[in-house]
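Notes for the structure review
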Amino acid sequence: MTYSLEWRCPACRKPDITDLNGVHLAAAGASHADQGGADQQGAGELHCLHCDHRQSFPENVRRSDGAWVDPLTRCLACGSERLFAQKDFNRKLGVAIVVVGAALSPWTYGASLVVCMLIDYGLYYLVPEITVCYGCDAIHRGFSHNPAHRAHDPILAESFRRKAHEEGDGRGPLKGASEESD
């Protein structure tokens, strides 16, 4: 399974993407250098490529053998247990498909809308699911579905946004986090 994490550095606030494959080797006692690769992540930590900030992964995100806990129970960037699941699909493309189908419907007598519906159903089953953190908007790709993670709850998301604003966090959502679902 290919694991990745799209997260925002708490020091410089710039988005970063971390390939999590192989990071579990460092946690099990062998670094990437020992395995013949470059040790880009350090020994089990997130490393910002923009400002060189490093932070450890939260507790309880790995099994005893060093592999990632799958399905996720907490965010790998901030440790929050408030996560939601959504499809990894660009909303703008989804809207474009519907607009084209609606625009063609007078000439196709509505058949283009049925085709759009079939395309939508097909994409729903083909597009993988991602897990997103309410707290820091980190996007976790490649992890199995956790039934405890429901669809996005705007009320819960707004409460986190207000809390961050009150604390002067200045954190904004990751670019693409709100555009990723269908």
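Preceding this paragraph is the structure being described.
Parameters at a glance
- Residues numbered from 1 in each chain as written.
- Predicted model: local features only at pLDDT ≥ 70, side-chain atom pairs only at ≥ 80, totals over all residues.
- Heavy atoms only, no water.
- Helix = DSSP H or I, 4+ residues; strand = E, 2+ residues; numbered from the N terminus.
- Contact = heavy atoms within 4.5 Å.
- Areas by Shrake-Rupley, 256 points an atom, 1.4 Å probe, with all protein chains shown as cover.
- Buried < 20%, exposed > 50% of the residue type's maximum accessible area, 1.4 Å probe, protein only.
- Pairing = 2+ DSSP bridges.
- Expected span 1.5 Å × (residues − 1).
- Bend = angle between axes of the 7 residues up to and from the residue.
- Phe/Tyr/Trp six-rings, centres within 6.5 Å; stacked < 30°, edge-to-face > 60°.
- Lys NZ or Arg CZ within 6 Å of the ring centre and 35° of its normal.

On a plain count of helices and strands, the protein chain comes out with 4 helices and 7 strands. The order of helices and strands in the protein chain, counted from the N terminus, is β-β-α-β-β-β-α-α-β-β-α. Of the contacts made within the protein chain by residues no fewer than 6 positions apart, 61% connect residues no fewer than 24 positions apart. Taken as a whole, the protein chain presents about 10,600 Å² of accessible surface, with 56% of it coming from carbon and sulfur.

Turning our attention to the pairing of strand 2 (residues 15-19). The side-chain alternation of strand 2 yields one buried face, formed by Asp-16 and Thr-18, and one unburied face, formed by Pro-15, Ile-17 and Asp-19. Between strand 1 (residues 4-8) and strand 2, which pair antiparallel one after the other, the connecting turn spans 6 residues, and Arg-13 there sits at a positive phi close to 65 degrees.

Compared with the 26 Å implied by 1.5 Å per residue over 18 residues, the 25 Å span of helix 2 (residues 91-108) between its first and last C-alpha is a close match. Along helix 2, the largest kink reaches about 25 degrees and is centred on Ala-102; proline Pro-106 follows within four residues of it. Along helix 2, the residues that are buried comprise Gly-94, Gly-101 and Ser-105. Each element contacted by the buried residues of helix 2 is listed here: helix 3 (111-126).

Applying the stated rule across the entire model yields 5 aromatic pairs. Measuring from ring centre to ring centre gives 4.7 Å for Phe-84 and Tyr-134, while their planes differ by 45 degrees; the resulting arrangement is tilted. A residue pair is termed long-range when its members are at least 10 positions apart, and Phe-84 in strand 5 (residues 83-87) and Tyr-134 in the loop between strand 6 (129-133) and strand 7 (139-141) qualify at 50 residues. Under the relative-accessibility criterion, Phe-84 is labelled buried at 5%. Through pairs of rings, three or more aromatic residues link up here, namely Phe-84, Tyr-134 and Phe-160. Geometry around Tyr-124 places Lys-87 over its ring, the cationic atom sitting 4.6 Å from the centre.

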